[in-house]
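# Results of the structural survey
Residues per chain are reported as follows:
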Protein chains: 2
Amino acid sequence: MTQDTEDTVRRSIGARRNPASQEAILDAAEAVLRELGIAGFSIEAVARRAKAGKPTIYRWWPHRTGLMLDVYKRFKTARAFPDTGSLRGDLIGFLDNQLVGFWKNSLCGTVYRAVIAEAQTDAGAAEALQAYQAERKAVARQMVERARARGEVPEDADATLIIDLVVSYAWHQLLLGHLEEASTKTEAVVDTVLRGVPGYRA
Amino acid sequence: MTQDTEDTVRRSIGARRNPASQEAILDAAEAVLRELGIAGFSIEAVARRAKAGKPTIYRWWPHRTGLMLDVYKRFKTARAFPDTGSLRGDLIGFLDNQLVGFWKNSLCGTVYRAVIAEAQTDAGAAEALQAYQAERKAVARQMVERARARGEVPEDADATLIIDLVVSYAWHQLLLGHLEEASTKTEAVVDTVLRGVPGYRA
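Report follows, based on the coordinates. Computed from a predicted model, the values in this text were never measured in an experiment.

Peptide bonds are, in most cases, trans, and in most cases residues other than glycine have a negative phi. Residue and element names in this part refer to chain A. One non-glycine residue with positive phi stands out, namely Lys51, at about 50 degrees. Inspection of the secondary structure assignment puts Lys51 in the loop between α3 (43-50) and α4 (54-60). The exposure class of Lys51 is exposed, given its relative accessible area of 76%.

Take the interface of chain B and chain A next. It is common to give the size of an interface as the accessible area that goes away when the parts come together. Of the residues lining the interface, 47 residues belong to chain B; the matching set on chain A comes to 47 residues. Surface buried jointly by chain B and chain A totals about 4000 Å² across both partners, of which 62% is contributed by carbon and sulfur atoms. Considering only the side of chain B, the residues that lose the most area to chain A are B:Gln120, B:His172 and B:Tyr200, jointly responsible for 17% of the buried surface there. The tally of links from chain B across to chain A stands at 2 salt bridges.

For the rest of this paragraph, the subject is the pattern of salt bridges. Evaluation of the coordinates by the stated rule reveals 32 salt bridges over all chains. Linking A:Glu152 and A:Arg150 is a salt bridge whose minimum nitrogen-to-oxygen distance equals 2.7 Å. According to the relative accessible area criterion, A:Arg150 is partly exposed, its value standing at 35%. The closest approach of N and O atoms between B:Asp83 and B:Arg146, which form a salt bridge, is 3.2 Å. Linking B:Asp83 in the loop between α5 (64-77) and α6 (87-104) with B:Arg146 in helix α8 (residues 123-149), this pair joins segments that are 63 residues apart in sequence. Taking relative accessible area as the criterion, B:Asp83 reaches 53% and is therefore assigned exposed. Where salt bridges share partners, they join A:Glu23, A:Asp27, A:Glu30, A:Arg34 and A:Arg74 into one cluster.

The rules behind each value
Residues numbered from 1 in each chain as written. Chains lettered and ligands numbered in written order. Predicted model: local features only at pLDDT ≥ 70, side-chain atom pairs only at ≥ 80, totals over all residues. Heavy atoms only, no water. Helix = DSSP H or I, 4+ residues; strand = E, 2+ residues; numbered from the N terminus. Buried < 20%, exposed > 50% of the residue type's maximum accessible area, 1.4 Å probe, protein only. Contact = heavy atoms within 4.5 Å. Buried area = accessible area lost by both parts, 1.4 Å probe. Salt bridge = Lys/Arg side-chain N within 4 Å of Asp/Glu carboxyl O.

Written as structure tokens, this is what we have:
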């Protein structure tokens, strides 16, 4: 390895996030969110709590939305996608455990509302949210792919649309503050998406 | 009429919005939104443009979100809900003309994104948005009620859920900045909500 290559490697490793400090900052961010709420959440407050320099945090998270989204993701990845053996069961589990029920029973609903809000006026936040959504939906579509393999839906079933309809319903109820009511309708939502309106005839 | 009653009447009339000035302020608000965008929109900028006092505006619109929502509504009410003779046609028209297509081709998408964003952290904005949604959805449900009367859907069809699924899809795409793509999928969305996933078998 030439000196030049070594330098490049070293620089690129140095530029990567350091997992230990990253966890410490996420811990601090979570604590700030719990104690001060969205209104009191800032890179400054997190730096103070983490006993870290603001530049360290800004290097990894250029704005507060990205940091909030990473706190949110940490909770999310602790929850596996359901694999119940049927598409209906998987989608109901997805709504109950990953979306409506998840937001209703934790700080995460409030954090995610703030992330979505900030993505409406800040281009960086919008990009972070779009990337997160794309990544999550790719995983969610595996539920439809498994259903295809089982022959529950045809080869050409529109996995993107099925997942979008389920996620959209959850977002809408979150953003209107109607999670309580929505949590009683998850079966009806999934049954409508899969089977349509019962008794409908054109 | 006693003096007392007269005073009460006068006071309550005085407290009502004055339609002429209200229109002038909405005109000014729309002009500010067009010229300066969401970031430059403030009660102060609208007052300057309307040559009105800030207190006059604040008396009618306690915060900028309510004023933005009223500019948005003015565009909205100019568009009638579709009545095509079929629920499928009505819901596609609803998505195309009142939601996805409406937001895509006008300032309204940007304004509505800002309204939804502000409703996530401001209680007054949240109330205004909830009230507006409740009012609009009551009108939208008439599409399902007409379908009931025609025998297209059974008496116990869940009109709230049908409308919610359609509106939710549109909101989600708006908030992710995916209206362009969504505008090509409005028929597929309505067909899935009404008939389910083609070829689905549990």
